[in-house]
Amino acid sequence: MRTRDLAKAVGVPPSFLSKIMRMLTANGILDAQKGHNGGFLLARPPSEIRFIDILRAVEFEPDVRHCLFGLGNCDAKNPCPLHHEWGVLKASIEHWACSHSLAESMERRQDSKP
C-alpha cells in the first residue's frame, strides 16, 4: 500500500504517516518497496506482530514514570493524585499489547463487516 492511499483512507496527513511508516520499517514490522508500484507491506505474518511491537516501534511506551499531570517529580515516594491509577492503566495497556496480535484485530474487523 502506498502512504498517500493509506493516509487518505485513515484521515491523517501523509507526511505524518510517512514518518510512522519509516519507523515501522526500521523496526522490521513493514517492508518498503520503492518504484512505480512500490509501497509498504507487512514484513511478517500478522499473527507474529503484537501490538507492543508496533507501540515500541513508534516510540510509545506507556511508562508509569511519566506523570499524567506533567509533574517532573512524580514517583512512588512523591505520587501525583493519579499515580496509582496510571500504574494500573499502564499495566493493563501493556498486558493487552503483549497478548494481542495484528491478526486478531484483522479477524475482529472482518467479523464486524456486514
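Structure first, text after, so check above.
If you're wondering where the values come from, they're calculated on a predicted model, not measured in any experiment.

A short note on the overall build of the chain
Line of reasoning, step 1. If you tally the helices and strands in the chain, you get five helices and two strands.
Line of reasoning, step 2. The N-to-C order of helical and strand elements in the chain reads α-α-β-β-α-α-α.
Line of reasoning, step 3. Scaling as 2.2 N^0.38, a compact globule of 114 residues should have a C-alpha radius of gyration of about 13 Å, whereas the chain reaches 18 Å, well beyond that.
Line of reasoning, step 4. Over its C-alpha atoms, taken along the principal directions, the chain stretches across nearly 55 × 30 × 25 Å.
Line of reasoning, step 5. Taken across its 114 residues, the chain has 26% of its residues classed as buried.
Line of reasoning, step 6. Only carbon and sulfur atoms are counted for the fraction: they give 57% of the accessible area of the chain, which is about 8200 Å².
Line of reasoning, step 7. Averaging the locations of the 15 positively and 13 negatively charged side chains of the chain gives two centres separated by 8 Å.

Topic: a nonpolar patch on the surface
Line of reasoning, step 1. On the surface, Leu 68, Phe 69, Leu 71 and Leu 82 cluster together into a nonpolar patch covering about 360 Å² of accessible area.
Line of reasoning, step 2. The topology assignment puts Leu 71 in the loop between α3 (51–57) and α4 (83–99).
Line of reasoning, step 3. With relative accessibility at 41%, the residue Leu 71 sits in the partly exposed group.

Description of the environment of Ala 57
Line of reasoning, step 1. On the secondary structure map, Ala 57 appears in helix α3.
Line of reasoning, step 2. The buried category is assigned to Ala 57, whose relative accessible area is 3%.
Line of reasoning, step 3. Between the C-alpha atoms of Ala 57 and Asp 75, which are 18 residues apart in sequence, the distance is 26 Å.
Line of reasoning, step 4. Contacts of Ala 57, omitting those with residues within four sequence positions, involve Met 23, Leu 24, Asn 27 and Ile 29.

Digging into helix α2 (residues 14–26)
Line of reasoning, step 1. End to end, α2 covers 18 Å across 13 residues, agreeing with the expected 18 Å (1.5 Å per residue, within 8%).
Line of reasoning, step 2. On its buried side, α2 packs onto α1 (3–10), β1 (30–33), β2 (39–42) and α3.
Line of reasoning, step 3. Directly after α2, the chain includes Gly 28, whose backbone phi takes a positive value near 75°.

Observations regarding the pairing of β1
Along any regular strand the residues' side chains alternate between the sheet's two faces.
Line of reasoning, step 1. Bridge count between β1 and β2: four bridges; the pairing is antiparallel. Within β2, the residue paired with Ala 32 across the bridge is Phe 40.
Line of reasoning, step 2. Adjacent in sequence and paired antiparallel, β1 and β2 are bridged by five residues, among which Gly 35 carries a positive phi angle near 110°.

Remarks on unusual backbone geometry
Line of reasoning, step 1. Positive phi outside glycine occurs at Glu 59, with the angle close to 60°.
Line of reasoning, step 2. Along the chain, the position of Glu 59 falls in the loop between α3 and α4.
Line of reasoning, step 3. With a relative accessible area of 69%, Glu 59 lands in the exposed category.

A look at the packing of α1 against α2
How two helices pack is summed up by the angle between their axes together with the distance between the axes.
Line of reasoning, step 1. For the pair α1 and α2, the least separation of the axes is 9 Å and the interaxial angle reads 115°. For the pair α1 and α2, the crossing hand works out as right-handed. Where α1 approaches α2, its residues Thr 3, Leu 6 and Ala 7 are matched on the opposing element by Pro 14, Leu 17, Ser 18 and Met 21.

Rules of the game
Residues numbered from 1 in each chain as written. Predicted model: local features only at pLDDT ≥ 70, side-chain atom pairs only at ≥ 80, totals over all residues. Heavy atoms only, no water. Helix = DSSP H or I, 4+ residues; strand = E, 2+ residues; numbered from the N terminus. Rg over C-alpha atoms; globule rule 2.2 N^0.38 Å. Buried < 20%, exposed > 50% of the residue type's maximum accessible area, 1.4 Å probe, protein only. Areas by Shrake-Rupley, 256 points an atom, 1.4 Å probe, with all protein chains shown as cover. Lys, Arg positive; Asp, Glu negative; His and termini not counted. Charge placed at Lys NZ, Arg CZ, Asp CG, Glu CD. Patch = residues over 30% accessible without salt bridge, like charges linked within 9 Å, V, L, I, M, F, W, Y side chains within 5 Å. Salt bridge = Lys/Arg side-chain N within 4 Å of Asp/Glu carboxyl O. Contact = heavy atoms within 4.5 Å. Expected span 1.5 Å × (residues − 1). Pairing = 2+ DSSP bridges. Axes fitted to C-alpha atoms, helices over the stretch in contact; angles between N-to-C directions. Left-handed = near helix turned anticlockwise from the far one by under 90°.

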